[in-house]
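Listed below, chain by chain, are the residues.
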Amino acid sequence: MELSKEFRFESAHQLPYVPEGHKCGRLHGHSYRLTVHIDGDIDSSAGWVADFGDIKAAMKPLIEQLDHNFLNEVPGLENPTSEVLAYWVWDRLQPSLPLLSAITVHETCTSACVLRKPA
Ligand SMILES: [Zn+2]
C-alpha cells in the first residue's frame, strides 16, 4: 500500500549553473508542490499504514526552512534545482520516516521531478 501527502510552499531561487541568458538564471519564484510517498503494509489492528499526521510532523521543520525563503541561501541548496531539492528533502526526511518511498517536486503546474527509493 502506498500513501501520499502533498505539501505546498512558496520559494525564490536562481539557478547558478545554467547557460548565460537562460531564464532560470534570473531570480524568480515558484509555488512548489511536494508530494511525500510512503510504502508499507497495513497494520492489522490500526487499519492503516501510517498516520498522515506523522508525515506532516516530519515535514514541518523542512517546510519552515523552505517556505518564503531564498533557496540558494539554505545550506545544501546552493544550486536549487528540483532534483537537488528532492535529494535535500529525502536526506532529511528519511531518518524520521523510514517507510519513505518517493518524493515528487512539482516546480510548476507542468514540470515535476520524482525521486524513488532504489529497488
Ligand atoms: Zn525556477
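That block above? That's the structure.
Just so it is clear, the structure is predicted and the values come from calculations on it, not from any experiment.

Scoring rules and cut-offs
- Residues numbered from 1 in each chain as written.
- Predicted model: local features only at pLDDT ≥ 70, side-chain atom pairs only at ≥ 80, totals over all residues.
- Helix = DSSP H or I, 4+ residues; strand = E, 2+ residues; numbered from the N terminus.
- Buried ≥ 20, exposed ≤ 12 C-beta atoms within 10 Å, placed from the backbone.
- Contact = placed C-beta atoms within 7 Å.
- Expected span 1.5 Å × (residues − 1).
- Pairing = 2+ DSSP bridges.
- Axes fitted to C-alpha atoms, helices over the stretch in contact; angles between N-to-C directions.
- Arc of directions from axis to C-beta.
- Core = buried A, V, L, I, M, F, W, Y, C linked by C-beta atoms within 7 Å.

Visitor: How do you make sense of the overall build of the protein when you look at a structure like this?
Guide: Of regular secondary structure, the protein possesses 2 helices and 5 strands. Tracing the protein from N to C terminus, the helices and strands come up as β-β-α-β-α-β-β. Its C-alpha atoms give the protein principal-axis dimensions of about 55 × 25 × 25 Å. Looking at the protein residue by residue over its 119 residues, the buried ones come to 18%. In the protein, 58% of the contacts between residues at least 6 apart in sequence involve partners at least 24 apart.

Visitor: Where do I start with unusual backbone geometry in this structure?
Guide: Glycine aside, residues mostly have negative phi angles, and peptide bonds mostly take the trans form. A positive phi angle is found at H68, which is not glycine, with a value near 55 degrees. Among the secondary structure elements, H68 is positioned in the loop between α1 (52–66) and β3 (69–70).

Visitor: For this particular structure, what's the right way to read α1?
Guide: Because an α-helix completes one turn every 3.6 residues, residues spaced three or four positions apart along the sequence face the same direction. Relative to the 21 Å expected for 15 residues at 1.5 Å per residue, α1 spans 21 Å between its end C-alpha atoms, a close match to the ideal helical length. Those residues of α1 that sit buried are I55, M59 and L66. The inward-facing, buried residues of α1 abut β1 (2–13), β2 (28–39), β3 and α2 (82–93). H68 sits one or two positions beyond α1 and adopts a positive phi of about 55 degrees.

Visitor: Can you walk me through the sheet that holds β1 in this structure?
Guide: Strands sit in the order β3-β1-β2-β4-β5 across an open sheet of 5 strands; the sheet is mixed. Strands with a single pairing partner mark the edges of an open sheet, and in this sheet they are β3 and β5 (112–116). The pairing of β1 with β2 spans 12 bridges and is antiparallel. When the bridges of β2 are listed, S4 appears paired with H37. Along the sheet face, α1 touches β1, β2 and β3 and points at about 10 degrees away from the line of β1. Its contacts with the sheet put α2 on β2, β4 (100–106) and β5, and the angle it makes with β4 is roughly 145 degrees.

Visitor: Explain α2 here, please?
Guide: With 12 residues, α2 extends 16 Å from end C-alpha to end C-alpha; this agrees with the ideal 16 Å at 1.5 Å per step. Within α2, burial applies to S82, L85, A86, W88 and V89. Seen from one end, α2 has its buried residues packed into an arc of 160 degrees, which puts them on one side. The secondary structure elements touched by the buried residues of α2 are β2, α1, β4 and β5.

Visitor: How should the nonpolar core be read in this particular structure?
Guide: The biggest cluster of nonpolar side chains holds 16 residues, and the ones touching the most others in it are L34, V36, L85, A86, V89, I103 and V105. For this core, the secondary structure elements donating two or more residues are β2, α1, α2 and β4.

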